[in-house]
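# Examination of the molecular architecture
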Amino acid sequence: MENHDSMHHQDMKSHEHQHHTEHHDHHDHQDHHMMMVNDFKKRFFISIILLIPILVLSPMIQTFFNYSIDFLGDYIILLVLSSILFIYGGKPFFKGTVDELKEKAPAMMSLIALAISVSYIYSVYTTIMQTGTDFFWELSSLISIMLLGHWIEMKSVLGASRALESLLKLMPDTAHVVHDDHVDDISIDDIEVGMILLVKPGEKIPLDGTITEGSTSIDESMLTGESMPVDKDESDEVIGGSINSSGSFKYQVSHIGDDTFLSKVVTMVRDAQSKRSKTQRLADTAAKYLFYIAIIAGLSTFLVWYFLDFNLDNAIERAVTVIIIACPHALGLATPLVNAMSSSLGAKHGVLIRNQSHFEQARHIDTVVFDKTGTLTKGEFEVSQIVTIDNDEDDVLSLAYALESKSEHPIAKGIVQEAEKRKLKLVNAKDVKANPGHGLFGYIGKDKIELVSPNYLKKQKIKFDEGILKDLSKQKQTIVSVIKNDELIGFIALSDVVRETSREAVSMLKDMGIESIMLTGDNKEIAQSIADQIGIDKVIAEVLPDEKADKIDELVKSGKRVAMTGDGINDAPALAKAHLGIAIGVGTDVAIETADVILVKSNPLDVTNIIKLSKATYRKMIQNLAWATGYNLIALPLAAGVLSGIGIILSPAIGAILMSLSTIIVAINARLLKI
């Protein structure tokens, strides 16, 4: 399965060359993977349809259930149906075997191909010669169960590479190019470095560049995960893919194609994904040894029995029974059933598993890196303090409420929420306008109201007690100054809300011997104050968006087993670099598509559930594999006839019953999985 899938991943990488063709190539790859999943699904259902009459017509099944179906040519129908199922259902296993043997690493595919080929050839021989027992029902059920196992597994491995498509969707197709006397709309592909572009309010910024005229407020949350719109002025840089919140501006294009921030993120995600070490599946390791055991045991059994009594039919039957028993149905289902169970159990606990092999490795995690905004905090602003100057708190808040109720800014939402909580009456404000980079202006009756930053006060030389401002600034809060008729009447301080469960999550991780680290683009003081509230000891602050992956890389190279939790596009490469990428469910599509695990409820506490579930899943897998392979220790020697001297010999029929029992035990054990 691994080889099968790794081939497909190499196939993906060879398709993706240029920025402008990425979208199509990537889409082709995604379709290719979906086709593979659907192919297994189709083969499984068609095999099941063929399996039913094969079971009904099988002499061994008729003996088990004590019934008889006997008509002219019944064995011919059995042979034809089994041959169709063998060729059609077995095709992926033969193809996989070629891949495994090319790499000189026989595993699950080779073991399945060996068992079904030997049992098919032997069954055809016994049917034509009308001697001995056929294994048609055995090989047909084995193929059907293995197709089911691979279909379940492939569904759970569906490519994290959809991230690239989500990223490229962020880019607009056209841009407004400014000429001396007019503006043209042209395709992004025709833009050149140095061109001047116009961006209107609410539009996406087409490419990276520097503002030459105008000022605005830009929502970069899709790229950086930081909830606060960023004020931009002349000579400030803008990033392609971010959204212009307010104000028109002109800017000069500085990067196009592969040099843009977004394209670099695409490259970083792809590089990080391609460098991930391939997890050697336990089932494949077991299958590899069983493959060799099956060949050696089968040949030895044939030779010993032939030279003991020179009965060719008997020697072949013994050898075939040994080879079939060496490929237990249970082994093909041992890991997919546990994976399917852990996926549904995880979903009940708000954990969606996207990459099963990386999720399995979560049990080794010793370091969890949390992105701050949107992960440890809600990325929402809450009024934490109101300082008034000769006024009532509610009066100051009421004026701010009137203006902010007409704004979509995250700070506005915080103020509106607080006013609604206090049940304040909404007064109608007129002529409300945003002055990008400064604040909101409007009128309530004849009173002119301004909601501005403290810097604006200094610019306008409005007098106020700077001591108050210093105290508020020390607490690392965002401050809105409320001015009525050119006179300061108060400050409203807001802070990002820390999630209630963040402290508990960090504490539980500490109890599990796991270190928590905060990674953020915020300044050190703000980051440290939040870390102190939550109980995080280590803070990596003032990290630029494209540096996050490097920081994860440093931790990985220092020998730590790292899980990264984030929600923004800039987190995507870091999520891909970590041993386990965990996306917050309310984050961007890109972070979600790059992650191995998604937290639906955006609850940091669920990080501990991931690690617990991973450990429990691994335990169940080991138990299932131990059973699926362990029963061979008893069944193989008995099938080979080791105890035939005292009259104990495992007939093909009893061997088949043992295999079915083994599969049932594995299925029941998988159902018992719990956190």
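All of these numbers come straight from a predicted model, not from anything done at the bench.

What counts, and at which threshold
- Residues numbered from 1 in each chain as written.
- Predicted model: local features only at pLDDT ≥ 70, side-chain atom pairs only at ≥ 80, totals over all residues.
- Heavy atoms only, no water.
- Helix = DSSP H or I, 4+ residues; strand = E, 2+ residues; numbered from the N terminus.
- Buried < 20%, exposed > 50% of the residue type's maximum accessible area, 1.4 Å probe, protein only.
- Contact = heavy atoms within 4.5 Å.
- Areas by Shrake-Rupley, 256 points an atom, 1.4 Å probe, with all protein chains shown as cover.
- Salt bridge = Lys/Arg side-chain N within 4 Å of Asp/Glu carboxyl O.
- Core = buried A, V, L, I, M, F, W, Y, C linked by side-chain atoms within 4.5 Å.
- Phe/Tyr/Trp six-rings, centres within 6.5 Å; stacked < 30°, edge-to-face > 60°.
- Lys NZ or Arg CZ within 6 Å of the ring centre and 35° of its normal.
- pLDDT = per-residue confidence, 0-100.
- Axes fitted to C-alpha atoms, helices over the stretch in contact; angles between N-to-C directions.
- Parallel < 35°, antiparallel > 145°, perpendicular 65-115°, else oblique.
- Left-handed = near helix turned anticlockwise from the far one by under 90°.
- Nonpolar A, V, L, I, M, F, W, Y, C, P; charged D, E, K, R; others polar.
- Pairing = 2+ DSSP bridges.

We now examine the overall build of the protein. If you tally the helices and strands in the protein, you get 25 helices and 22 strands. Across the 675 residues that make up the protein, the buried fraction comes to 54%. By sequence separation, contacts in the protein at least 24 residues apart represent 70% of the contacts at least 6 residues apart. By element, 56% of the accessible surface of the protein is carried by carbon and sulfur atoms, the whole surface being about 29700 Å².

Take the pattern of salt bridges next. Within this structure, the stated rule accounts for 15 salt bridges. With its nearest N and O atoms 3.9 Å apart, the salt bridge here joins K448 to E450. One salt-bridge network, held together by shared partners, links E393, D394, E418, K421 and R422.

This part takes up the nonpolar core. Formed by 61 residues in total, the largest nonpolar core has its most connected members in L111, F136, I143, I325 and L331. Per-element tally for this core: the top contributor is helix 5 (residues 108-129), with 10 residues. Those residues within four positions of F136 in sequence are excluded, and the remaining contacts are I54, L78, L79, S82, Y120, S123, V124 and T127. Counting residues in each nonpolar core, the second largest holds 33 residues, with M341, V351, I365 and V498 among its members.

Scanning the entire structure with this criterion turns up 12 aromatic pairs. Measuring from centroid to centroid gives 5.6 Å for F291 and Y292, while their planes differ by 65°, and the two rings are edge-to-face. Residue F291 is classed as buried on the basis of its relative accessible area of 11%. Taking 5.9 Å as the distance between ring centres and 5° as the angle between the ring planes, the aromatic pair formed by F302 and Y306 counts as stacked. With F302 and Y306 both in helix 10 (residues 282-309) and 4 residues apart, the pair spans about one turn of that helix. On the basis of relative accessible area, F302 is assigned to the partly exposed category, the value being 25%. Geometry around Y88 places R43 over its ring, the cationic atom sitting 4.7 Å from the centre. The residue whose ring lies beneath K288 is Y289, and the NZ or CZ to ring-centre distance is 5.2 Å.

This next bit is on the side chain of T97. Considering the arrangement of structural elements, one finds T97 in helix 4 (residues 74-102). Given a relative accessible area of 11%, T97 falls into the buried group. When sequence neighbours within four positions are dropped, the list of residues in contact with T97 reads M109, S110 and A113.

Quick look at the confidence of the model for the protein now. Chain-level pLDDT for the protein is 81 on average; 85% of the residues reach the 70-or-more range. Note that residues 1-27 has pLDDT below 50 and, in this model, 56 contacts with residues that lie over four places away or in other chains. In the model, residues 275-280 has pLDDT below 50 throughout and makes 17 contacts with residues more than four positions away in sequence or in other chains.

What follows deals with the packing of helix 15 (residues 393-404) against helix 16 (residues 410-421). Geometrically, a packed helix pair is captured by the angle between its two axes and the distance between the axes. Between helix 15 and helix 16, whose axes approach to 9 Å, the crossing angle comes to 130°. By the criterion of interaxial angle, the relationship of helix 15 to helix 16 is oblique. Crossing angle aside, the handedness with which helix 15 passes helix 16 is left-handed. Of helix 16, the residues touching helix 15 (which contributes L397, A400, Y401 and E404) are I411, A412, I415, V416, E418, A419 and E420. Each residue belonging to the contact of helix 15 with helix 16 can be placed in one class, and the counts come to 8 nonpolar, no polar and 3 charged.

The next thing to look at is the sheet that holds strand 6 (residues 230-232). A sheet is described by the order of its strands in space; here 3 strands give the open sequence 6-5-8, paired in antiparallel fashion. Edge positions in the open sheet fall to strand 6 and strand 8 (243-246), since each of these has one partner strand only. With direction set aside, neighbouring strand axes in the sheet form an average angle of 40°. Direction of pairing for strand 5 (residues 216-219) relative to strand 6: antiparallel, over a ladder of 3 bridges. By the bridge assignment, T216 is partnered in strand 6 with K232.

It is worth spelling out the sheet that holds strand 12 (residues 377-388) at this point. Sheets are built from strands that pair by backbone hydrogen bonding, the pairs being arranged parallel or antiparallel. Spatially, 6 strands are ordered 12-17-16-15-14-13 in an open sheet, and the strand pairing comes out antiparallel. Both edges of this open sheet fall to strand 12 and strand 13 (430-435), since each of them pairs with a single strand only. The average undirected angle you get between the axes of adjacent strands in this sheet is 20°. Sitting on the sheet, helix 15 touches strand 12, strand 13, strand 14 (439-444), strand 15 (447-452), strand 16 (478-484) and strand 17 (487-498), and the angle it makes with strand 14 is about 105°.

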